[in-house]
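Structural characterization, general
Spelled out, the chains give:
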Number of protein chains: 2
Amino acid sequence: MLKNDTFLRALQRQPVDYTPVWLMRQAGRYLPEYCATRKVAGSFLQLCKSKELATEVTLQPLERFPLDAAILFSDILTVPDAMGLGLYFAEGEGPKFERPLRDEAAIKALAVPDMHELQYVFDAVSSIRAALDNRVPLIGFSGSPFTLACYMIEGGGSDDFRRVKTMMYDRPDLLHHILEINALTVIDYLNAQIDAGAQAVQIFDTWGGALAYGKYQEFSLAYMSKIVAGLKREKDGQRIPVILFTKGGGQWLEDLAATGCDALGLDWTVNLAEARRRVGDKVALQGNFDPNALFAKPVAIEQEVKRLLADYGNGSGHVFNLGHGISQFTNPEHVAALVEAVHRHSKAYK
Amino acid sequence: MLKNDTFLRALQRQPVDYTPVWLMRQAGRYLPEYCATRKVAGSFLQLCKSKELATEVTLQPLERFPLDAAILFSDILTVPDAMGLGLYFAEGEGPKFERPLRDEAAIKALAVPDMHELQYVFDAVSSIRAALDNRVPLIGFSGSPFTLACYMIEGGGSDDFRRVKTMMYDRPDLLHHILEINALTVIDYLNAQIDAGAQAVQIFDTWGGALAYGKYQEFSLAYMSKIVAGLKREKDGQRIPVILFTKGGGQWLEDLAATGCDALGLDWTVNLAEARRRVGDKVALQGNFDPNALFAKPVAIEQEVKRLLADYGNGSGHVFNLGHGISQFTNPEHVAALVEAVHRHSKAYK
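Moving on to helix 14 (residues 298-312) of chain A. Here helix 14 of chain A contains 15 residues, and its C-alpha end-to-end distance of 21 Å stays within 8% of the 21 Å for a straight helix at 1.5 Å per residue. Of all the positions in helix 14 of chain A, only Ala300(A), Ile301(A), Glu304(A), Val305(A), Leu308(A), Leu309(A), Asp311(A) and Tyr312(A) are classed as buried. Along its buried surface, helix 14 of chain A packs onto helix 13 (272-279), strand 10 (284-289), strand 11 (318-322) and helix 15 (332-346) of chain A together with helix 9 (162-170) and helix 11 (215-230) of chain B. Two residues or fewer after helix 14 of chain A comes Gly313(A), characterised by a positive phi angle close to 85°.

Backbone-to-backbone hydrogen bonds pair the strands of a sheet. The strands run either parallel or antiparallel. Residue and element names in this part refer to chain B. Judged by pairing direction, the sheet is parallel, and its seven strands sit side by side in the order 1-4-5-8-9-10-11 without closing on themselves. With partners counted over all chains shown, the strands left at the sheet margins are strand 1 (70-71) and strand 11 (318-322), one partner each. Note that strand 10 (residues 284-289) and strand 11 share five bridges and pair parallel. In the sheet register, Leu285 faces strand 11, and the bridge partner there is His318.

Of the transformation superimposing chain A on chain B, the axial component is 0.0 Å and the angular component is 180°, with the fit at an RMSD of 0.0 Å. The transformation relating the two chain copies, once decomposed into turn and shift, fits a two-fold axis. Relative to the rotation axis, the C-alpha of Gln251(A) is the closest in chain A, positioned 3.1 Å from it. Most of the interface of chain A is mirrored in chain B: 100% of its interface residues are interface residues there too.

Looking at the element boundaries, Gln199(B) is found in the loop between helix 10 (172-196) and strand 5 (200-205). Every residue in contact with Gln199(B), bar those within four places of it in the chain, is listed here: Leu2(B), Leu8(B), Arg129(B), Asn134(B), Val136(B), Pro137(B), Leu138(B), Arg239(B), Ile240(B) and Pro241(B).

Residue and element names in this part refer to chain B. Taking burial as the measure, the five residues of strand 8 (residues 242-246) include five buried ones, the bulk of the element. Burial of strand 8 is two-sided: the residues Val242, Leu244 and Thr246 facing one way and the residues Ile243 and Phe245 facing the other way are all buried. Where strand 5 and strand 8 come together, five bridges link them in parallel fashion. Looking at the pairing, Val201 lines up with Val242 of strand 8. Two elements, strand 8 and strand 9 (residues 263-265), share three bridges in a ladder whose sense is parallel. By the bridge assignment for strand 9, Leu244 is matched with Leu264.

Here we take up the sheet that holds strand 4 (residues 138-143) of chain A. Residues and elements named next belong to chain A. Ordered in space as 1-4-5-8-9-10-11, the seven strands form an open sheet in which the pairing is parallel. Edge strands, defined here as strands with exactly one partner in the open sheet, are strand 1 (70-71) and strand 11. Packing of helix 14 onto the sheet brings it into contact with strand 10 and strand 11, and relative to strand 10 it is tilted by some 155°.

Attention shifts here to the nonpolar core. Phe7(A), Leu264(A), Phe289(A), Phe7(B), Leu264(B) and Phe289(B) are the most contacted members of the largest nonpolar core, which totals 270 residues. Non-local contacts of Phe289(A), meaning those with residues more than four positions away in its chain, are made with Trp268(A), Leu294(A), Ile301(A), Glu304(A), Val305(A), Leu308(A), Phe320(A), Asn321(A), Leu322(A), Gly323(A) and Leu338(A).

Turning our attention to the pattern of salt bridges. Residue and element names in this part refer to chain A. Throughout the structure, instances matching the rule amount to 48 salt bridges over all chains. Two residues, Glu98 and Arg99, come together in a salt bridge whose shortest N-O distance is 3.2 Å. The class for Glu98 is exposed, based on a relative accessible area of 51%. On the basis of relative accessibility, which here comes to 46%, the residue Arg99 falls in the partly exposed class. Ionic pairing is found between Glu104 and Lys108, a salt bridge with its closest N-O pair at 3.1 Å. In this pair, Glu104 and Lys108 both sit in helix 6 (residues 104-109), four residues apart, roughly one turn of the helix.

Before going further, it helps to examine the packing of helix 13 (residues 272-279) of chain B against helix 14 (residues 298-312) of chain B. All names here are of chain B. In contact at an axis separation of 7 Å, helix 13 and helix 14 are set at 25° when each is read in the N-to-C sense. Here helix 13 is positioned roughly parallel relative to helix 14, judged by the angle of their axes. Crossing of helix 13 against helix 14: the hand is right-handed. Here Leu272, Ala273 and Arg276 of helix 13 lie close against helix 14, whose contacting residues are Leu308, Asp311 and Tyr312. Broken down by class, the residue content of the contact of helix 13 with helix 14 amounts to four nonpolar, no polar and two charged.

Residue and element names in this part refer to chain B. Here the structure, examined in full by the defined rule, presents zero disulfides over all chains. Just so you know, Cys150 is unpaired, no disulfide at all, and the nearest cysteine sulfur is the one on Cys48, 20 Å from it. Judged by its relative accessible area of 1%, Cys150 is buried.

The subject of this paragraph is the packing of aromatic side chains. Given two aromatic rings, their pairing is described by the distance between the two centres and the angle made by the two planes. Evaluated as defined, the whole model comprises 16 aromatic pairs over all chains. Seen in terms of ring centroids, Tyr34(A) and Phe73(A) are 5.6 Å apart; in terms of plane orientation they differ by 55°. Their pairing is tilted. Of the two residues, Tyr34(A) is situated in helix 2 (residues 32-41) and Phe73(A) in the loop between strand 1 and helix 5 (78-85); the sequence distance between them amounts to 39 residues. Across this residue pair, the class does not change: Tyr34(A) and Phe73(A) are buried. Through pairs of rings, three or more aromatic residues link up here, namely Tyr34(A), Phe44(A), Phe73(A) and Phe89(A). Here the guanidinium or amino end of Arg162(A) rests over the ring plane of Phe329(B), the centre of that ring lying 4.1 Å away.

Moving on to unusual backbone geometry. That bond from Gly287(A) to Asn288(A) is cis: its omega, -5°, falls within 30 degrees of zero. The phi torsion at Arg13(B) lies on the positive side, around 55°, for a residue other than glycine. When you line up the elements, Arg13(B) lands in the loop between helix 1 (6-11) and helix 2 (32-41). Of the residues examined, Arg13(B) reaches a relative accessible area of 39% and is grouped as partly exposed.

What follows concerns the interface of chain A and chain B. Each partner contributes residues to the interface: chain A has 29 residues there, and chain B has 29 residues. Carbon and sulfur atoms supply 52% of the area buried between chain A and chain B, which totals about 2800 Å² over both sides. Area buried by chain A at its contact with chain B is led by Tyr169(A), Tyr213(A) and Gln251(A), which between them contribute 22% of it. Where chain A packs against chain B, one counts six salt bridges. A salt bridge links Lys165(B) to Asp290(A); the shortest N-O distance between them is 2.7 Å. Viewed at the interface, chain B and chain A are joined by 14 residue pairs in polar contact (both at pLDDT 80 or more). For the side of chain A that touches chain B, the secondary structure elements donating two or more residues are helix 9 (162-170) and helix 14 of chain A. Ranked by residue count, the leading element in the side of chain A that touches chain B is helix 9 of chain A, at five residues. When the residues that make up the side of chain A that touches chain B are grouped by side-chain class, the tally is 13 nonpolar, seven polar and nine charged.

What counts, and at which threshold
Residues numbered from 1 in each chain as written. Chains lettered and ligands numbered in written order. Predicted model: local features only at pLDDT ≥ 70, side-chain atom pairs only at ≥ 80, totals over all residues. Heavy atoms only, no water. Helix = DSSP H or I, 4+ residues; strand = E, 2+ residues; numbered from the N terminus. Expected span 1.5 Å × (residues − 1). Buried < 20%, exposed > 50% of the residue type's maximum accessible area, 1.4 Å probe, protein only. Contact = heavy atoms within 4.5 Å. Pairing = 2+ DSSP bridges. Least-squares fit on C-alpha atoms with pLDDT ≥ 70 in both. Axes fitted to C-alpha atoms, helices over the stretch in contact; angles between N-to-C directions. Core = buried A, V, L, I, M, F, W, Y, C linked by side-chain atoms within 4.5 Å. Salt bridge = Lys/Arg side-chain N within 4 Å of Asp/Glu carboxyl O. Parallel < 35°, antiparallel > 145°, perpendicular 65-115°, else oblique. Left-handed = near helix turned anticlockwise from the far one by under 90°. Nonpolar A, V, L, I, M, F, W, Y, C, P; charged D, E, K, R; others polar. Disulfide = S-S within 2.5 Å. Phe/Tyr/Trp six-rings, centres within 6.5 Å; stacked < 30°, edge-to-face > 60°. Lys NZ or Arg CZ within 6 Å of the ring centre and 35° of its normal. Buried area = accessible area lost by both parts, 1.4 Å probe. Polar contact = N/O pair within 3.5 Å; in protein donor to acceptor, adjacent residues only side chain to side chain.

Structure follows, in structure tokens:
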């Protein structure tokens, strides 16, 4: 059915002709056509909530670059918004919540939301699948329970996670309650994305790397593990691979690989050869180009691509990606050079 | 001579009665007496440049807490300031440079400054040593060549190190030139601090952890290694231990330990037991309490201290510290609880 299933095959460590590539935040502000559509939408949230516009921006990078996967255009904070926390975007300030979790009563009242609250996401998934017409697979996604909790407790972004960490050390029971609700919600949310047509799912643990050793395992990894166990892993006879990505989690790859997920996202601090040795045959690896190396000229980008491909070495099980979302200041021509270099130079390793 | 040499003994993995403790940024804004002295100074830079006031704030935390070491009150950016880049602090914006390194001519003109430009730092060291009266050892410090280069090229703090990384990938020769000058300067600077009375030195590699695998080794570690080789390691028959601290460097401990330094600083993502196994007998370990865990109540702080001490286990070679500088929002009573817990609970492991 799929015209290009290289991405799904690589995630299952099956033979491929070349290393597939997609880029975190590939539909984003570095593309002028994205900025134009966002302007039409009026706001970032409206863009997420319109299935037509979300479909349009999801497909934009595929029109420019021969990417091997599409990723649903949405935001990880749709989930706490559906829980009633009141997501909004203050101009130039990033995401905020009107009603962050600041007292025990609010935390105890937190519940798994009705998935109808998130129907617009599932509608976008169906719409994108139809528009893709089996060109490449569609990735669904969610934030990790801990990463969502950071925003829900802090009420927005944070440099030091002061409120989260105070709760973690003083009232771990309250944080565990939030994480439990988040994990159950993410299971429902990702399963509904899979029902709507997502062919792989990724959990973004953007802030797990801010945790101390031990706390990461207890407060982030354990809940991602629970999600992996609760997801539909097959649909219509096709495996639905699950990718876990903890930014800053390079020291914990063995723990992540033991969750039963199919693949790990890696940031750029990790050496691919060493990571492959550490996780063995358990999982595929996705990453790990430094997104800020895209500021360099195409010739330097090509060199870095060659280095990463050589680090991974022969065989399947590698999905090329950035180690974090693409910067808004990136030149699209540099992205074209990256994708071209991955496709061209990876054939020798297959 | 020294009344309390526990810190220096632990750095050399010699027997100690308890685990010594000091805290990065222990003289800082969380102390009201520090804020009062800073007000007298007029500005942060004036505070650094007055040996009397620098001495006063260096000793303030020792009056409150039975810390096992003092650290020179200064700033890592004194070095590029002495190179002529024009350091200033814009209110509420952090450090900035008037003349950041933005073109090849400016980079080629960069030179090791005359150490007389930094005489105020060495005067502060002598003054603090006299005021300490051998109560505890005094630590001197510097930024790492790469961390200094980040500020020198970006012209201030940065989220993405766009200019540094563009140079690294497009013109590695220019970045290597800056790093070479920085390394030679840091050697002179730390040796002069040692001459003035510093009894141990620490190199703060705050931004090395932002580098990709391979780039870290080439652009940060190699220059710290050069510094380690160029430092006076003994004075008046006493070993002058060198501590290297790369924040976010937990994956590279073996590389750091191979530089010939005496100890490694560890952030909170590292497991102490595992780190000890990885570096073997090569180095002592310093760290690694999450500074944001100090927001928790004293009873929770004590629990975390016990966990870290148990992780390190029996024997010497551990200096207790935070995994990063103390937050300005920290309650000094919580710091007192931390220091007391380290001293009390560590005796059982010695």
